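Report on the structure
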Amino acid sequence: MENTGNTQRGAGISRARFLAGAAAVGVAGAVGTAGRAQAVPATATDPGNRPGGLRRHGVVYTVGAGETPGTAWSARRMRADVRAIRDELHADTLDVTGDGVERLTATAAEAAERGLHVWLQPTLGDVPQRDILEHLAETGRFAERLRRQGASVELSVGCEFWLFVPGIIPGETAVERIENIQNGTVDWESALRCLDRFTARAAAVGRSVFGGRLSYAAAQDDRVDWTLFDVIGIDYYSYHPRPQDYVRELRRYLRWGKPLAITEFGTCAYVGAPKAGGMAWDVVDHDKEPPEIKGDLVRSERVQAEYVTDLLDVFESMGLYAVMAFEFIAADAPHRPDDPRHDLDMATYAITKTLKDDPDDPSSDWHWEPKQAFHALARRYERAAGRA
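Anyway, here's the lowdown on the structure attached to this text.

With respect to the packing of helix α8 (residues 243–251) against helix α9 (residues 301–318)
At a minimum axis distance of 10 Å, the contact between α8 and α9 shows a crossing angle of 55°. Classed by the angle they form, the pair α8 and α9 counts as oblique. Note that α8 runs across α9; the crossing there is right-handed. On α9, the residues touching Pro-243, Tyr-246, Val-247, Leu-250 and Arg-251 of α8 are Tyr-307, Leu-311, Val-314, Phe-315, Ser-317 and Met-318. Tallied by class, residues from the contact of α8 with α9 come to nine nonpolar, one polar and one charged.

Structure below.
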């Protein structure tokens, strides 16, 4: 799990630590048993994985309150970003994620109006489960209205519930849940039963309000009962030296006979980041004021660009259904080209870099510029659009 810098998704942990607990009770990779929701199969007119290559090429766009008023979601910025995603990045899909029904629905509506396929994923966390499910239902009802109006839209019920939903892993917040995992104070049999139950409840809520394809974004080693969903969604942050190793790892998800979407992929812009996988963001010392990059990292947008295009080669070779690069922007982690120690953009997965008019003023206005990864993806996405 990557770090996005906001409250709901701002914590991460080594996947090995989580899986060690699951493996200890012998259930890692098992199929959940809690409830079933009827899935909608792929059809001849709407195929899933296909030999001819990827069906959908997208990017993740996170909506949220932001760390400051100046970096929070705004309708004006969002509309400009959606246009850039369509016209400059040449994406055909926008993964609209985050919390706040008004932010989610306004962004989804703009994307649909611009002709993009909408992958709508509410990710409210650290509140009671009832509130999370109500937030999902309200967002899903809007997705259904878009669908009935003719928009191309799919609904994801959420992301990595074990981390963000209270009542599965002990702890009131994601940070507390991480600490409990690290301290070894988790009853894994109970936790995984709770995870199964909540996943089934979320799937049922999604089905009750949305008539299109339903999905869920899981970490790549999570156990999920995929019979509950139409599309398998995986947040994928592996690093392998050979393409065939990625193929071998991803093939296990094809055994379900369902479309496979890579709901997140990417890395940070420094030398060595791909090998750190989903923990590449964890190079900032937040105890310092202002926060600073740990060690002597070497910024490299080329490393980031090469990693995302190498993975695109793999995904295309497998004919997967959809991919969503993580992520379009990280406004709360600005780039400081003349100050590597405080160049927080190095620790983001964003394919754009945020530059403030006054780097030392928290309220300063800012703009984004494309990184090399943006240009690399744009070339590939434009080429794919020409083949469609």
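Side note on the nonpolar core
Counting 95 residues, the largest nonpolar core has Leu-89, Phe-265 and Phe-315 as its most contacted members. If one sorts the elements of this core by residue count, helix α7 (residues 188–209) sits on top with 11 residues. Counting 22 residues, the second-largest nonpolar core is a separate cluster that includes Ala-273, Val-283, Val-284 and Phe-326.

What about the packing of aromatic side chains?
By the definition in use, this model includes 14 aromatic pairs. Considering the side-chain rings of Tyr-216 and Trp-226, the 6.4 Å spacing of their centres and the 45° angle between planes classify their relative orientation as tilted. Linking Tyr-216 in strand β5 (residues 214–219) with Trp-226 in the loop between β5 and β6 (231–235), this pair joins segments that are 10 residues apart in sequence. Grouping residues by exposure puts Tyr-216 and Trp-226 together as buried. Relative to Tyr-349, the ring of Tyr-237 has its centre 5.3 Å away and its plane inclined at 80°; by these criteria the two rings are edge-to-face. A residue pair is termed long-range when its members are at least 10 positions apart, and Tyr-237 in the loop between β6 and α8 and Tyr-349 in the loop between β10 (322–325) and β11 (352–356) qualify at 112 residues. For Tyr-349, a relative accessible area of 1% corresponds to the buried category. Aromatic ring contacts, followed pair by pair, group Phe-161, Phe-198, Tyr-216, Trp-226 and Phe-229 into a single cluster.

Let's talk about the sheet that holds β5
Pairing is parallel in the closed barrel, where eight strands are placed in the order β1-β2-β3-β4-β5-β6-β7-β10. Ignoring which end each strand starts from, the neighbouring axes of this sheet average 25° apart.

Some thoughts on helix α10 (residues 372–387)
Counted at 1.5 Å a residue, the expected span for α10 with its 16 residues is 22 Å, and the 23 Å between its end C-alpha atoms agrees. When α10 is considered as a whole, its buried residues turn out to be Ala-373, Phe-374, Ala-376, Leu-377, Ala-378, Arg-380, Tyr-381 and Ala-384. The elements touched by buried residues of α10 are β1 (56–63), β7 (260–265), α9, β10, β11 and β12 (366–370).

Quick word on a negative patch on the surface
Among the surface-exposed residues, Glu-102, Asp-131, Glu-134 and Glu-138 lie close enough to one another that they form a single negatively charged patch. Turning to its location among the elements, Asp-131 is positioned in helix α4 (residues 129–148).

Conventions and cut-offs
Residues numbered from 1 in each chain as written. Predicted model: local features only at pLDDT ≥ 70, side-chain atom pairs only at ≥ 80, totals over all residues. Heavy atoms only, no water. Axes fitted to C-alpha atoms, helices over the stretch in contact; angles between N-to-C directions. Helix = DSSP H or I, 4+ residues; strand = E, 2+ residues; numbered from the N terminus. Parallel < 35°, antiparallel > 145°, perpendicular 65-115°, else oblique. Left-handed = near helix turned anticlockwise from the far one by under 90°. Contact = heavy atoms within 4.5 Å. Nonpolar A, V, L, I, M, F, W, Y, C, P; charged D, E, K, R; others polar. Core = buried A, V, L, I, M, F, W, Y, C linked by side-chain atoms within 4.5 Å. Buried < 20%, exposed > 50% of the residue type's maximum accessible area, 1.4 Å probe, protein only. Phe/Tyr/Trp six-rings, centres within 6.5 Å; stacked < 30°, edge-to-face > 60°. Pairing = 2+ DSSP bridges. Expected span 1.5 Å × (residues − 1). Patch = residues over 30% accessible without salt bridge, like charges linked within 9 Å, V, L, I, M, F, W, Y side chains within 5 Å. Areas by Shrake-Rupley, 256 points an atom, 1.4 Å probe, with all protein chains shown as cover. Salt bridge = Lys/Arg side-chain N within 4 Å of Asp/Glu carboxyl O. Lys, Arg positive; Asp, Glu negative; His and termini not counted. Charge placed at Lys NZ, Arg CZ, Asp CG, Glu CD.

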